[in-house]
Amino acid sequence: MQSHYQYIIVGAGCAGLQLADALLNDPALLTGSLLIIEASAIHEEKTWCFWYTAQHRYSHLVKKSWNNIAFRASDTSVTAALPDLCYQYISSTDFYEHQLTSLRKDARVTFLFEPVNSIEWNNGNRQVHTPSGIITADYIFHSHHLSPPSSPTLWQHFLGWEIKTDKDLFDPATATLMDFSDATESQEVFFHYILPYSSRHALVECTFFSQELLDQAAYENLLRKYIENKLTTDYRIIAKETGKIPMTLVAPSPFSCTTGIIPIGSAAGCIKASTGYSFTRAMRHTQQIIAYLKKEIDHIPSPSSRRFLFYDRLFLSLIQQYPQKMPGIFAALFKRNKIQRILRFLDEATRLWEEVIIFSQLPKKNFLMVLFNIKK
């Protein structure tokens, strides 16, 4: 293996492989070699979902899409059509297989499967330190957190069962983003999430927003209770999905674009702290990196503006301080706003006047108390 590359990508996850794909498809940028470093060649299966307005680079990998979105709580039920959007699902396994197949065919690309000890800027040299030695590059892109995360720190953690039934049970056109109907005055925020692949086949997940993870049995008990009380007692589990996503405000990178050491993925803030969604944010960030490398822009903007970073901080603080109020807050959000506006807000595409409308329709007391604490 050579000791110097044009580009090094540390992390062969969603963001790293999207960037590698973009570099390979721009001959003017990848004139030399590309090294992709990942700790392990084994990837865990993940369900990547997102809403999108048009065709995109990975449309051919979309396994299922939904034109309706549903929200439920103990006293609220909202189902809305998405006339200009669709909620889409890509299997991480399909994504990895597609990306790795094309990357491995290209002689310019090398893979190294081992951990990274550090990433350093040393007398003008960009260095990645691994157990095999020191490797340098013209540019290093990394998904490693080189600075401690900002607070507050929460996890979105979940267990999902892919189930099949012998009777028609699900609406294949409607994805349920949140069902709080089992939530109580708990000190943890939790809800259920349903992705119907057909009328007899769906992914049902139990999802938490909290600082502490649960024992496996706790997720399983809640999921079983929900399915058997709300859906059916006659079902088969054909696959399981478990995971955790950081709901964390990302600290600024210790390196600037001028050093050629550039964060991507979670290290760049591509995982939205308040929701855990990341796929389309990584797509947009990749496009900005390519524009920067082509000198079409003079810096790579953060995936989130200061305004939306503040909203995320407010939301995370609210979860920490008033978790028992969150079902009611989400219910107010979905009852009093059009779904398009909610999704545009979560996509950070709304204008300030729209955000004023959204916040004016939510319970104010807890927001004001959290806001006072943030400002102190």
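We now turn to the structure provided with this report. This structure is a prediction, so every number in the text was calculated from the model and none was measured.

## Brief notes about the overall build of the protein chain
Here is step 1 of the chain: Scanning the protein chain from terminus to terminus reveals 10 helices and 17 strands.
Here is step 2 of the chain: Taking the principal axes of the C-alpha coordinates as reference, the protein chain spans close to 60 × 55 × 40 Å.
Here is step 3 of the chain: Evaluated residue by residue, the protein chain yields a buried proportion of 51% over its 376 residues.
Here is step 4 of the chain: Of the contacts formed within the protein chain by residues at least 6 apart in sequence, a portion of 75% connects residues at least 24 apart.
Here is step 5 of the chain: Entry remark: accessible area of the protein chain is about 17,500 Å², with carbon and sulfur atoms responsible for 51%.
Here is step 6 of the chain: Each charge class in the protein chain can be summarised by its mean position, and for the 37 positive and 35 negative side chains these summaries are 7 Å apart.

## Some points on the packing of aromatic side chains
Here is step 1 of the chain: Throughout the structure, instances matching the rule amount to 32 aromatic pairs.
Here is step 2 of the chain: Centre to centre, the rings of Tyr139 and Phe141 are 6.2 Å apart; their planes meet at 10°, and the pair counts as stacked.
Here is step 3 of the chain: Look at Phe208 and Tyr219: their rings are 5.9 Å apart centre to centre, the planes differ by 85°, and that puts the pair in the edge-to-face class. A residue pair is termed long-range when its members are at least 10 positions apart, and Phe208 in strand β15 (residues 201-210) and Tyr219 in helix α3 (residues 216-231) qualify at 11 residues. The two residues Phe208 and Tyr219 agree in class, both being buried.

## Section: the sheet that holds strand β4 (residues 62-66)
Here is step 1 of the chain: On the basis of which strands lie adjacent, the open sheet formed by 3 strands has the order β3-β7-β4 and antiparallel pairing. Edge positions in the open sheet fall to β3 (47-52) and β4, since each of these has one partner strand only. For this sheet, the mean angle separating the axes of adjacent strands, direction not counted, is 25°.
Here is step 2 of the chain: Relative to strand β7 (residues 86-91), β3 is paired through 6 bridges, and the arrangement is antiparallel. Its bridge partner lying in β7, Trp51 is registered against Tyr87.
Here is step 3 of the chain: Relative to the sheet, helix α2 (residues 92-104) contacts β3, β4 and β7, its axis offset from that of β7 by approximately 65°.

## Thoughts on the sheet that holds strand β16 (residues 236-248)
Hydrogen bonding along the main chain pairs the strands of a sheet, whether they run parallel or antiparallel.
Here is step 1 of the chain: Across the sheet, which stays open at both edges, the 7 strands sit in the order β6-β5-β13-β14-β15-β12-β16 with mixed pairing between neighbours. Of all the strands in the sheet, just β6 (76-81) and β16 have a single pairing partner and so form its edges. Ignoring strand direction, the axes of neighbouring strands in this sheet form an average angle of 15°.
Here is step 2 of the chain: α3 contacts β12 (153-164), β13 (174-179), β14 (189-198), β15 and β16 of the sheet and is inclined by roughly 50° relative to β12.

## Quick look at the nonpolar core
Here is step 1 of the chain: In terms of nonpolar packing, the biggest core is built from 49 residues, with Tyr87, Leu195 and Phe330 touching the most fellow members.
Here is step 2 of the chain: Ranked by size, the runner-up nonpolar core spans 36 residues in total, among them Ile36, Trp48, Met283 and Ile300.

## Focus: unusual backbone geometry
Here is step 1 of the chain: Positive phi is not limited to glycine here, since Asn123 has a value of about 55°.
Here is step 2 of the chain: Mapped onto the fold, Asn123 is located in the loop between β9 (118-122) and β10 (125-130).
Here is step 3 of the chain: On the accessibility criterion, Asn123 (77% relative accessible area) is exposed.
Here is step 4 of the chain: Unusually for a residue other than glycine, Lys295 sits at a positive phi of about 65°.
Here is step 5 of the chain: The residue Lys295 is located in the loop between α5 (279-293) and α6 (306-321) in this model.

## Things to note about the side chain of Asp182
Here is step 1 of the chain: By the secondary structure assignment, Asp182 is in the loop between β13 and β14.
Here is step 2 of the chain: Its relative accessible area of 19% is what places Asp182 among the buried residues.
Here is step 3 of the chain: At 2.8 Å, the side chain of Asp182 forms a polar contact with the side chain of Lys230.

## What to know about the pattern of salt bridges
Here is step 1 of the chain: For the structure on display, the rule yields 13 salt bridges.
Here is step 2 of the chain: Notably, a salt bridge pairs Asp94 with Lys63, separated by 4.0 Å at the nearest N-O pair. Of this pair, Asp94 sits in helix α2 while Lys63 sits in strand β4, and the two are 31 residues apart along the sequence.
Here is step 3 of the chain: Two residues, Arg344 and Glu354, come together in a salt bridge whose shortest N-O distance is 2.7 Å. You can see Arg344 sitting in helix α8 (residues 339-346) and its partner Glu354 sitting in helix α9 (residues 352-360), a full 10 residues away along the chain.
Here is step 4 of the chain: Classification of Glu354 as buried rests on a relative accessible area of 7%.

## Notes on the packing of helix α1 (residues 14-24) against α5
Here is step 1 of the chain: Two numbers describe how α1 lies on α5: the axes approach to 9 Å, and their chain directions differ by 40°. The angle between α1 and α5 falls in the class oblique. For the crossing formed where α1 meets α5, the hand is right-handed. Of the residues in α5, those touching α1 at Cys14, Ala15, Gln18, Leu19, Ala22 and Leu23 are Phe279, Ala282, Met283, Thr286, Ile289, Ile290 and Leu293.

## Side note on the environment of Ile194
Here is step 1 of the chain: For Ile194, the location among the structural elements is in strand β14.
Here is step 2 of the chain: Separated by 15 residues in sequence, Ile194 and Asp179 have C-alpha atoms that sit 8.5 Å apart.
Here is step 3 of the chain: Among all residues touching Ile194, those that are not within four sequence positions of it are Phe170, Ala175, Thr176, Ala202, Leu203, Val204, Tyr226 and Leu231.

## Thoughts on the side chain of Thr207
Here is step 1 of the chain: Within the fold, Thr207 resides in strand β15.
Here is step 2 of the chain: Not counting chain neighbours up to four residues away, the residues in contact with Thr207 comprise Gln156, His157, Phe158, Val189, Phe190 and Phe191.

Calculation notes
- Residues numbered from 1 in each chain as written.
- Predicted model: local features only at pLDDT ≥ 70, side-chain atom pairs only at ≥ 80, totals over all residues.
- Heavy atoms only, no water.
- Helix = DSSP H or I, 4+ residues; strand = E, 2+ residues; numbered from the N terminus.
- Buried < 20%, exposed > 50% of the residue type's maximum accessible area, 1.4 Å probe, protein only.
- Contact = heavy atoms within 4.5 Å.
- Areas by Shrake-Rupley, 256 points an atom, 1.4 Å probe, with all protein chains shown as cover.
- Lys, Arg positive; Asp, Glu negative; His and termini not counted.
- Charge placed at Lys NZ, Arg CZ, Asp CG, Glu CD.
- Phe/Tyr/Trp six-rings, centres within 6.5 Å; stacked < 30°, edge-to-face > 60°.
- Pairing = 2+ DSSP bridges.
- Axes fitted to C-alpha atoms, helices over the stretch in contact; angles between N-to-C directions.
- Core = buried A, V, L, I, M, F, W, Y, C linked by side-chain atoms within 4.5 Å.
- Polar contact = N/O pair within 3.5 Å; in protein donor to acceptor, adjacent residues only side chain to side chain.
- Salt bridge = Lys/Arg side-chain N within 4 Å of Asp/Glu carboxyl O.
- Parallel < 35°, antiparallel > 145°, perpendicular 65-115°, else oblique.
- Left-handed = near helix turned anticlockwise from the far one by under 90°.

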